[in-house]
Amino acid sequence: MRPANISMPYFDILLEQLKLRESSIQKAFGRHVHWGYWENPAEADGSVEDFAAAAEALCQRVYTAAGVNEYEQLLDAGCGFGGTIASLNEQFQNLDITGLNIDPRQLDRARHEIKPLANNRITFVEGDACQLPFADASMDVVLAVECIFHFPSREEFFREVKRVLRPGGRLGICDFVSTPFFKALQQFLAMVTNPMISGTFGRADSCFTVSDYRALAQKTGFRVTSQEDITRKTLPTYPVVCHVFDQAGSPKAVRDVVAVEKISQLGLLRYFILSFETK
Ligand SMILES: C[S@@+](CC[C@H](N)C(=O)[O-])C[C@H]1O[C@@H](n2cnc3c(N)ncnc32)[C@H](O)[C@@H]1O
């Protein structure tokens with residue numbers, strides 16, 4: 001059962017399709033549920049296999065930005081079906097990894113799909129990223145791969161991450177960020193755009209700019225260690241995701257993805273990888 005306080009219609013579609021074992025959905029979103037990263041976007045071939053490889057590349061880029069070392073304790077907040085954890089499990093040994101998700105249905109799939117390798121320890125926990133059910137100073141690294149826009153508050157999340165990280169701990173994220181102009185426009189048009197997009201994505205706050213992230217880091221006790229605008233390198237995602245939702249018989253989701261594609265092509269909505277270290 002999905003908790004009453006969250007609504008992410010696109011996950012309802014994905015979970016339904018995954019139950020049917022439809023192969024393009026399995027390949028595209030059976031492991032990662034985030035956009036792809038193409039070092040050379042001109043080489044993207046539009047196939048789900050190519051998209052799956054690009055999605056894998058994106059998560060690797062996020063955890064590389066945060067820095068991960070053997071014997072560390074790592075939290076993946078908003079872990080989806082555990083794709084980032086599966087990748088870490090394949091690339092590292094002696095890690096203690098916890099995946100947190102508010103949606104128990106996704107955790108059931110993650111538990112079923114991922115088995116620890118190479119002396120790694122993997123635990124999945126149901127909970128809200130803004131009220132982390134972990135002790136103070138219990139983690140070395142926290143990751144949040146394409147999920148912060150769903151959280152009730154970026155500030156509460158950062159405060160919680162600061163609390164659970166040990167001194168010198170790192171946070172790696174990727175997120176959609178607004179240009180200042182698009183932020184103002186969205187705030188002006190909120191009554192129109194929010195109900196439109198939320199029909200597919202649920203709560204999705206993309207009114208945060210890179211400057212807002214820098215100010216938030218300062219306010220919550222972090223310093224920014226890297227920031228990378230990868231918008232252009234994610235653009236081949238959109239046709240593949242539209243194709244997948246089209247096959248799933250979800251025209252509304254296709255329209256909403258096309259809307260996000262257009263504003264991304266216009267450069268109004270950017271896609272960033274950011275990493276932070278506690279001060
Ligand atoms: C776009 S998916 C990304 C999933 C995963 N990080 C990945 O990259 O495959 C967003 C995820 O955030 C999770 N989520 C949304 N709100 C949350 C919250 N308040 N606390 C924890 N997880 C949340 C969703 O259930 C979903 O798994």
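Residue positions are given per chain, counting from 1 as you read along its sequence in written order. Owing to the predicted nature of the model, reporting of local features is limited to residues with pLDDT of at least 70; listing and counting of side-chain atom pairs is limited to 80 or more, with chain, interface and lining totals taken over all residues. Excluded from the side-chain calculations are hydrogens and water; all other atoms, namely the structure's heavy atoms, are used.

The name given to the chain in an unreviewed UniProt entry is Methyltransferase domain-containing protein, and the organism recorded there is Leptothoe spongobia TAU-MAC 1115.

> Pulling in residues and values, what's your account of the packing of aromatic side chains?
The pairing test for Phe, Tyr and Trp rings, Trp by its six-membered ring, is centres within 6.5 Å, and the orientation test on the planes gives stacked under 30 degrees, edge-to-face over 60, and tilted for anything in between. Per the counting criterion, the structure on display carries 19 aromatic pairs. Seen in terms of ring centroids, Tyr10 and Phe11 are 4.8 Å apart; in terms of plane orientation they differ by 45°. Their pairing is tilted. Across this residue pair, the class does not change: Tyr10 and Phe11 are buried. In this scheme, the term charge over a ring applies when either NZ of a lysine or CZ of an arginine sits within 6 Å of the ring centre and within 35 degrees of the ring normal. Of note, Arg109 hangs over the ring of Phe81, and the distance from its end group to the ring centre comes to 5.2 Å. Residue exposure (1.4 Å probe, protein chains only): buried if accessible area is under 20% of the type maximum, exposed if over 50%, otherwise partly exposed.

> Summarise the site of the ligand; cite the residues concerned and give the values.
Nearness of a residue to a molecule or strand requires only that one of the residue's heavy atoms be within 4 Å of it. Every one of the 22 residues lining the ligand counts as a neighbour, but Val33, His34, Gly78, Asn101 and Gln106 are closest to it. Polar contacts, as counted here, are pairs of nitrogen or oxygen atoms within 3.5 Å of one another; within protein the pair requires one atom able to donate a hydrogen and one able to accept it, and residues that are adjacent in sequence qualify only if both atoms are side-chain atoms. With respect to the ligand, the backbone of Gly78 contributes an N or O atom lying 2.7 Å from a nitrogen atom. Residue Asn101 places a side-chain N or O atom 2.7 Å away from an oxygen atom belonging to the ligand. Here the ligand, which alone exposes 590 Å², has 98% of that area covered by the protein. Per-class residue counts for the shell around the ligand are eleven nonpolar, eight polar and three charged. Here the open area of atoms and residues is found with the Shrake-Rupley method and a 1.4 Å probe, where only the protein chains shown may cover a residue. Amino acids outside the nonpolar list (Ala, Val, Leu, Ile, Met, Phe, Trp, Tyr, Cys, Pro) and the charged list (Asp, Glu, Lys, Arg) are all regarded as polar, and Gly is one of them.

> Before we move on, can you summarise the sheet that holds strand E2 (residues 96-101) with the specific residues and values?
As summarised here, the arrangement of the seven strands in space is E3-E2-E1-E4-E5-E7-E6, forming an open sheet in which the pairing is mixed. Both edges of this open sheet fall to strand E3 (121-126) and strand E6 (222-229), since each of them pairs with a single strand only. The mean angle between the axes of side-by-side strands here comes to 15°, regardless of whether they run parallel or antiparallel. Strands are labelled as partners when DSSP assigns at least two bridges between them. Helix and strand assignments come from DSSP, with helices taken as H or I runs of at least 4 residues and strands as E runs of at least 2, each series counted from the N terminus. Taken together, the seven bridges between E6 and strand E7 (residues 269-278) define a ladder with antiparallel strand orientation. Among the inter-strand pairings, Phe222 is bridged to a residue of E7, identified as Thr278. Where helix H4 (residues 83-91) meets the sheet, it contacts strand E1 (73-77), E2, E3 and strand E4 (139-145), and its direction lies at approximately 170° from that of E2. Fitting a line to C-alpha atoms yields each axis, with helices limited to the stretch in contact; the angle taken between N-to-C directions then spans 0 to 180 degrees. Contact between two residues is taken to exist if any of their heavy atoms lie within 4.5 Å; hydrogens are not considered.

> Run through helix H5 (residues 104-113), naming residues and quoting values.
Looking only at H5, the buried set comprises Pro104, Gln106, Leu107, Arg109 and Ala110. Buried residues belonging to H5 abut helix H1 (9-19), helix H2 (23-29), E2 and E3.

> If you had to explain the environment of Lys279 to someone new, which residues and values would you point to?
Looking at the secondary structure, you find Lys279 in the segment after E7. In this structure the C-alpha to C-alpha distance between Lys279 and Gly168, which are 111 residues apart in sequence, comes to 6.9 Å. The contacts of Lys279, once residues within four sequence positions are left out, are Lys162, Gln218, Gly221, Phe222 and Arg223. Engagement of the side chain of Lys279 in a polar contact is seen with the side chain of Gln218, the distance being 3.3 Å.

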